[in-house]
Amino acid sequence: KDNNISYIGVATADSPEGPYTDHGILVKHGSEAIDAFVFNDNGQLYISWKAYGLDKRPIELVASKLSNDGLHLEGEPFSLLVDDENIGMEGQYHFRKDEYYYIVYAAHNCCGLDSNYDVYVARSKNFAGPYEKYEKNPILYGNGEDFISCGHGTAVILNDNRMFYLCHAYQTGNKRFLGRQPILHEMFVGEDKWVHFTSGNIAKTKQNVPFQNTKQRKTSNFTDDF
């Protein structure tokens, strides 16, 4: 807070409980490098992040190859997506299905009682891009009924290849004083090769119970995060 600059660091441990060893800064890029995400593309690790303050350029989602030990960037960072709409862009999640790489990301304002956070998606046939933004974005948002906003999440892929997207949201009414809360929605790639949610594009508190049914659902090849 003393200089309004944010970078991404890295620490390691032999177990999730620690203790951790701080290895210092991993990503130093612009005046704000946040929201690190590590993606394993068939053995090649990449790290992506939100970059801000890049010589008066708009906000970008940027990526770089990552060393196998996760402690160093390899090569030059490259731009994945540019916030040319000037609506904000962060909290990205990467996955691959069939011929497309997908970026599910957050747009607009994340925080506070006036937040209007929502979920967008873009796709490309190469991890490095170029990416095409979905013309019907946002794919998930709060319309003021159950939630006023939602975004910045990661999906979990079950054994039957169903995907559940966990992100944060603000509830409507006087529950908003609780701050941001986690919400879960099932998402899928449709026949149009775009990402959708089974309950529609409006965030809801009540949804169908997510029973697994491996016999009735086709399996697909996904590449998830590392």
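Right above here is the structure, for reference.
Some words on the overall build of the protein chain
Part 1 of the argument: What the protein chain contains, in helices and strands, is zero helices and 16 strands.
Part 2 of the argument: Against the 2.2 N^0.38 benchmark of 17 Å for 226 residues, the protein chain shows a C-alpha radius of gyration of 18 Å, consistent with a compact globule.
Part 3 of the argument: Taking the principal axes of its C-alpha atoms as reference, the protein chain extends roughly 45 × 40 × 40 Å.
Part 4 of the argument: Within the protein chain, the fraction of its 226 residues that count as buried is 43%.
Part 5 of the argument: Charged side chains in the protein chain number 22 positive and 30 negative. The centres of these two groups are separated by 6 Å.

Some points on the sheet that holds strand β6 (residues 73–82)
Part 1 of the argument: Strand order in this open sheet of four strands is β3-β4-β5-β6, and the pairing throughout is antiparallel. Single-partner strands in this sheet number two, and they are β3 (32–41) and β6. Sheet twist, expressed as the average angle between the axes of neighbouring strands with direction ignored, equals 25 degrees.
Part 2 of the argument: Examined bridge by bridge, β3 and strand β4 (residues 44–52) share eight bridges and lie antiparallel to one another. Within the sheet, the bridge partner assigned to E32 lies in β4 and is Y52.

Observations concerning the pairing of strand β13 (residues 163–171)
Part 1 of the argument: Of all nine residues in β13, eight are buried, a share of seventy percent or more.
Part 2 of the argument: Relative to β13, strand β12 (residues 147–157) runs antiparallel, the two being bridged by eight bridges. Directly across from I157, in β13, lies its bridge partner M163.
Part 3 of the argument: Counting the residues between successive antiparallel strands, the hairpin from β12 to β13 contains five residues, one of them, N161, with a positive phi of roughly 70 degrees.

Concerning the packing of aromatic side chains
Part 1 of the argument: Per the counting criterion, the structure on display carries 13 aromatic pairs.
Part 2 of the argument: Between Y93 and F95, the ring centres sit 5.8 Å apart and the planes meet at 25 degrees, which makes this aromatic pair stacked.
Part 3 of the argument: Accessibility expressed as a relative area gives 0% for Y93, which makes it buried.
Part 4 of the argument: Between Y105 and Y120, the aromatic rings sit 5.8 Å apart at their centres with planes inclined by 45 degrees, giving tilted as the arrangement. Placement of the pair is Y105 in strand β8 (residues 100–107) and Y120 in strand β9 (residues 118–124), with a sequence separation of 15 residues.
Part 5 of the argument: For Y120, a relative accessible area of 8% gives the class buried.
Part 6 of the argument: Joined through ring pairs, the aromatic side chains of F37, Y93, F95, Y100 and Y102 make up one cluster.
Part 7 of the argument: Lying across the ring of Y100, R123 places its NZ or CZ 4.5 Å from the centre.

Some remarks on the nonpolar core
Part 1 of the argument: Counting residues in hydrophobic clusters, the biggest one holds 41 residues, and the most contacted among them are F95 and M187.
Part 2 of the argument: Beyond its immediate stretch of four places on either side in the chain, M187 contacts Y93, F95, V104, A155, M163, Y165, V195, H196 and F197.

Basis of the calculations
- Residues numbered from 1 in each chain as written.
- Predicted model: local features only at pLDDT ≥ 70, side-chain atom pairs only at ≥ 80, totals over all residues.
- Heavy atoms only, no water.
- Helix = DSSP H or I, 4+ residues; strand = E, 2+ residues; numbered from the N terminus.
- Rg over C-alpha atoms; globule rule 2.2 N^0.38 Å.
- Buried < 20%, exposed > 50% of the residue type's maximum accessible area, 1.4 Å probe, protein only.
- Lys, Arg positive; Asp, Glu negative; His and termini not counted.
- Charge placed at Lys NZ, Arg CZ, Asp CG, Glu CD.
- Pairing = 2+ DSSP bridges.
- Axes fitted to C-alpha atoms, helices over the stretch in contact; angles between N-to-C directions.
- Phe/Tyr/Trp six-rings, centres within 6.5 Å; stacked < 30°, edge-to-face > 60°.
- Lys NZ or Arg CZ within 6 Å of the ring centre and 35° of its normal.
- Core = buried A, V, L, I, M, F, W, Y, C linked by side-chain atoms within 4.5 Å.
- Contact = heavy atoms within 4.5 Å.

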